[in-house]
Amino acid sequence: MQQPVVVQHPLAQCHLAAIRAVGTSSHDFRRHLNHLARILFIQATSGLPVQPTQVQTPLAQTQGAQLARPLVCVPILRAGLGLLDGILPLVPEAVVAHVGIKRNEETALPHAYYANLPASLPEADVFLLDPMLATGGSACEAARQLKEAGAARITLICVVSCPEGLAAMARTHPDIPVFTAAIDDGLNERSYIVPGLGDAGDRYFGT
Ligand SMILES: O=P(O)(O)OC[C@H]1O[C@H](OP(=O)(O)OP(=O)(O)O)[C@H](O)[C@@H]1O
Ligand SMILES: O=c1cc[nH]c(=O)[nH]1
Ligand SMILES: [Mg+2]
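Residues numbered from 1 in each chain as written. Chains lettered and ligands numbered in written order. Predicted model: local features only at pLDDT ≥ 70, side-chain atom pairs only at ≥ 80, totals over all residues. Heavy atoms only, no water.

Under the annotation held in an unreviewed UniProt entry, the protein chain carries the name Uracil phosphoribosyltransferase and is attributed to Prosthecobacter vanneervenii. Its UniProt record, at the heading Cofactor (unreviewed entry), says of the protein chain: "Mg(2+)". The Function (unreviewed entry) comment attached to the protein chain in UniProt states, word for word, "Catalyzes the conversion of uracil and 5-phospho-alpha-D-ribose 1-diphosphate (PRPP) to UMP and diphosphate." (UniProt positions renumbered as here; feature names shortened; annotations may be inferred.)

Draft legend 1. The overall build of the protein chain, seen in detail. Secondary structure assignment for the protein chain yields 6 helices and 12 strands. What you see for the protein chain is a C-alpha radius of gyration of 17 Å, in line with the 17 Å of a compact globule of 207 residues. Taken across its 207 residues, the protein chain has 47% of its residues classed as buried. In the protein chain, once contacts between residues fewer than 6 apart in sequence are set aside, the share between residues at least 24 apart is 64%. (Helix = DSSP H or I, 4+ residues; strand = E, 2+ residues; numbered from the N terminus. Rg over C-alpha atoms; globule rule 2.2 N^0.38 Å. Buried < 20%, exposed > 50% of the residue type's maximum accessible area, 1.4 Å probe, protein only. Contact = heavy atoms within 4.5 Å.)

Draft legend 2. A look at the UniProt feature "domain: Phosphoribosyltransferase" (unreviewed entry) in the protein chain. Under the present numbering, the feature "domain: Phosphoribosyltransferase" (unreviewed entry) in UniProt falls on residues 6-207. For the annotated span residues 6-207, helix accounts for 32% and strand for 30% of the residues, and the straight-line distance between the end C-alpha atoms is 29 Å.

Draft legend 3. Unusual backbone geometry, seen in detail. In this structure, the amide linkage connecting Leu 77 to the following residue, Arg 78, adopts the cis form with an omega of -5°. Position of Arg 78 among the secondary structure elements: in the loop between strand E4 (71-77) and helix H3 (81-87). Here the amide bond leading from Val 194 into Pro 195 is cis, since omega sits at 0°, within 30 degrees of zero. Phi angles above zero are rare outside glycine, and Ser 191 is one such case at about 60°.

Draft legend 4. Fine view of the side chain of Arg 203. In this fold, Arg 203 is placed in helix H6 (residues 200-205). This buried residue, Arg 203, is left without a salt bridge; Asp 199 holds the nearest opposite charge, at 8.6 Å. At a separation of 2.9 Å, a polar atom in the side chain of Arg 203 contacts the main-chain carbonyl oxygen of Leu 197. Apart from residues no more than four positions distant in its own chain, Arg 203 is found in contact with Ile 19, Arg 20, Ala 21, Val 22, Thr 24, Ser 26, Phe 29 and Leu 197. (Lys, Arg positive; Asp, Glu negative; His and termini not counted. Salt bridge = Lys/Arg side-chain N within 4 Å of Asp/Glu carboxyl O. Polar contact = N/O pair within 3.5 Å; in protein donor to acceptor, adjacent residues only side chain to side chain.)

Draft legend 5. Highlighting the site of ligand 1. Lining the immediate environment of ligand 1, one finds 16 residues, of which Arg 103, Asp 130, Thr 135, Gly 136 and Ser 138 sit closest. A distance of 3.0 Å separates an oxygen atom of ligand 1 from a polar atom in the backbone of Ala 79. A distance of 2.9 Å separates an oxygen atom of ligand 1 from a polar atom in the backbone of Ala 134. Protein contacts shield 94% of the accessible area of ligand 1, which totals 490 Å² for the unbound molecule. Its atoms largely coinciding with the cavity grid, ligand 1 occupies the largest pocket. Of all the elements in the fold, those that place two or more residues in the shell around ligand 1 are strand E6 (98-103) and helix H4 (137-148). The element that contributes the greatest number of residues to the shell around ligand 1 is E6, accounting for 3 residues. When its residues are assigned to classes, the shell around ligand 1 shows 6 nonpolar, 5 polar and 5 charged. (Near = heavy atom within 4 Å. Areas by Shrake-Rupley, 256 points an atom, 1.4 Å probe, with all protein chains shown as cover. 1 Å grid on protein atoms, 1.4 Å probe; cavity = no way out; pocket = protein on both sides within 12 Å on 5 of 7 lines; lining within 4 Å. Sits in = over half its atoms within 2 Å of the grid points. Nonpolar A, V, L, I, M, F, W, Y, C, P; charged D, E, K, R; others polar.)

Draft legend 6. Quick look at H4. With 12 residues, H4 should cover 16 Å at 1.5 Å per step; its first-to-last C-alpha distance of 16 Å lies within 8% of that length. Summarising burial for H4: 9 of the 12 residues are buried, a large majority. Of all the positions in H4, only Gly 137, Ser 138, Ala 139, Cys 140, Glu 141, Ala 142, Ala 143, Gln 145 and Leu 146 are classed as buried. Lining the buried residues of H4 we find E4, E6, strand E7 (110-116), strand E8 (125-129), strand E9 (153-161) and helix H5 (163-172). Just downstream of H4, Gly 150 is the residue with a positive phi angle, here 105°. (Expected span 1.5 Å × (residues − 1).)

Draft legend 7. The confidence of the model for the protein chain, seen in detail. For the protein chain, the average pLDDT comes to 97, and 100% of its residues sit at 70 or higher. Interface predicted TM-score (ipTM) for the complex: 0.98; the corresponding pTM is 0.97. (pLDDT = per-residue confidence, 0-100.)

Here's what the structure looks like:
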């Protein structure tokens, strides 16, 4: 099992403070979450292998680089789309797979309602995206589906996590590294992260 990587970059922490604030509008929430996702993604991809390429500059030939393997981003619907919007401009060639999971509001158990997974999963570097890791039920279920479809190299990026969700991931998927901007105190009686930021999907989409 690997320890979660908590991204302490000062800009990440400033964007995180903005999305936590109750008075932040959906418009600003989107903007800050997109920036924060980009910072987390840059950290999470820092170990990806590259292949050398030859590049002709206006002056000379030099060595360049390209990613050695295909990259697949998998937002967990809905709120994971907020991370995708920030990340995709960095890797426009990435394939985007979707997993739809909604927590039951009474039981907090994940209900999987949609999946669209590409055949390229086995050879790809796969980035599972969700702003919130609360009980961990949604991320564990999404990772299960990805592995069942052949994914072998999965990384989870979640903006706000907590000990309960991290423990669930470590127990169920100890091979999956987790990148997060914060490990919060824990869950309240409704399984919301405290202090957290509330319902990420509702805040991002204004519902
Ligand atoms: O770790 P868990 O306890 O499973 O909770 C986290 C999940 O809850 C939220 O999604 P939600 O179910 O609210 O769906 P939504 O994105 O459609 O709002 C969040 O985006 C995660 O997917
Ligand atoms: O705190 C939480 C927990 C689950 N889902 C959210 O959006 N926020
Ligand atoms: Mg929600």
